[in-house]
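The chain contents come next:
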Amino acid sequence: RIPSGATDISIIGLEFNGNKANQTTGNHGITSTGTGVSRIRIVDCHLHDCFFDGIGLTGTLSSTPISHVLIQGCYAYNNGSVANEGDGIANRGAVLTYSSIVNNVCYDNTRHNICVDAGDHVTVVGNVCYHTSDPGSTSDHIIIHGDEGTDIVVVGNTCKGGGHNGIHIGGTGRLLITGNI
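Residues numbered from 1 in each chain as written. Predicted model: local features only at pLDDT ≥ 70, side-chain atom pairs only at ≥ 80, totals over all residues. Heavy atoms only, no water.

Here we look at the sheet that holds strand β5 (residues 46-48)
Paired through their backbone hydrogen bonds, the strands of a sheet run either parallel or antiparallel. Overall, parallel pairing links the six strands, which are arranged β2-β5-β8-β11-β14-β16 in an open sheet. Two strands bound the open sheet, and with one partner strand each, they are β2 (15-17) and β16 (158-160). The mean inter-strand angle of the sheet, taken between neighbouring strand axes irrespective of direction, is 10°. One ladder, built from three bridges, connects β5 with strand β8 (residues 75-77); its direction is parallel. Along β8, the bridge assignment pairs His48 with Tyr77. (Pairing = 2+ DSSP bridges. Helix = DSSP H or I, 4+ residues; strand = E, 2+ residues; numbered from the N terminus. Axes fitted to C-alpha atoms, helices over the stretch in contact; angles between N-to-C directions.)

Pasting the structure below:
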């Protein structure tokens with residue numbers, strides 16, 4: 001868990017098996033529920049079988065944003081244990097600013113593969129997302145939503161198989177969405 005106010009944190013090459021088949025309560029692979037978190041690098045990690053999200057950056061919209069985060073080259077799969085819960089990579093509730101989600105592979109997550117709940121100056125580039133394990137729900141491969149979002153770039157991602165939508169955009173402004181398959 002990344003604590004409130006943490007800065008200059010690098011998590012590189014971690015494999016986290018959440019062992020959800022034997023869990024009765026929630027866990028995330030990597031999580032931050034604090035405020036004022038900045039300059040975080042999560043690179044080349046494998047996060048799977050978590051009760052909730054593989055990577056879950058959460059907070060409240062009124063809190064200090066989570067900023068300058070790089071999530072790159074990670075595999076997030078088979079996360080979430082109940083319908084409509086468990087994303088591969090997610091920021092939920094907190095505003096994510098000046099951050100990049102780049103070249104990750106996300107699949108078989110119960111809810112969304114990549115979720116940016118509210119963001120400002122966020123890039124989602126070159127990710128591969130396929131199959132959500134609850135395709136009858138509102139599971140999306142990539143979802144960008146929230147009234148707090150502006151200056152979002154979604155470029156060169158591949159979304160295939162399963163899921164409610166490939167890329168779902170709502171409640172944001174100043175978007176560039178191009179070159180996605």
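Side note on the environment of Phe16
On the secondary structure map, Phe16 appears in strand β2. Residue class for Phe16 comes out partly exposed when judged on its relative accessible area of 25%. Along the sequence, Phe16 and Asp44 sit 28 residues apart, while their C-alpha atoms lie 12 Å from each other. Those residues in contact with Phe16, other than ones at most four positions away along the chain, are Asn27, His28, Gly29, His46, Leu47, His48 and Cys50. (Buried < 20%, exposed > 50% of the residue type's maximum accessible area, 1.4 Å probe, protein only. Contact = heavy atoms within 4.5 Å.)

Concerning the state of the cysteines
Note on terminology: a disulfide is the covalent bond linking the sulfur atoms of two cysteines. If you walk through the whole model with that rule in mind, you get zero disulfides. Looking at the unpaired Cys45, the closest cysteine sulfur is the one in Cys74, lying at 4.6 Å. (Disulfide = S-S within 2.5 Å.)

Focus on the packing of aromatic side chains
The tally for this structure, following the rule as stated, stands at three aromatic pairs. Considering the side-chain rings of Phe51 and Phe52, the 5.1 Å spacing of their centres and the 90° angle between planes classify their relative orientation as edge-to-face. Judged by centre distance (4.8 Å) and plane angle (5°), the rings of Tyr107 and Tyr130 are stacked. Taken together, the residues span a long stretch of sequence, with Tyr107 in strand β11 (residues 105-109) and Tyr130 in strand β14 (residues 128-132) at a distance of 23 residues. The class of Tyr107 is buried, set by a relative accessible area of 18%. Of the aromatic side chains, those joined through ring pairs into one cluster are Tyr77, Tyr107 and Tyr130. (Phe/Tyr/Trp six-rings, centres within 6.5 Å; stacked < 30°, edge-to-face > 60°.)

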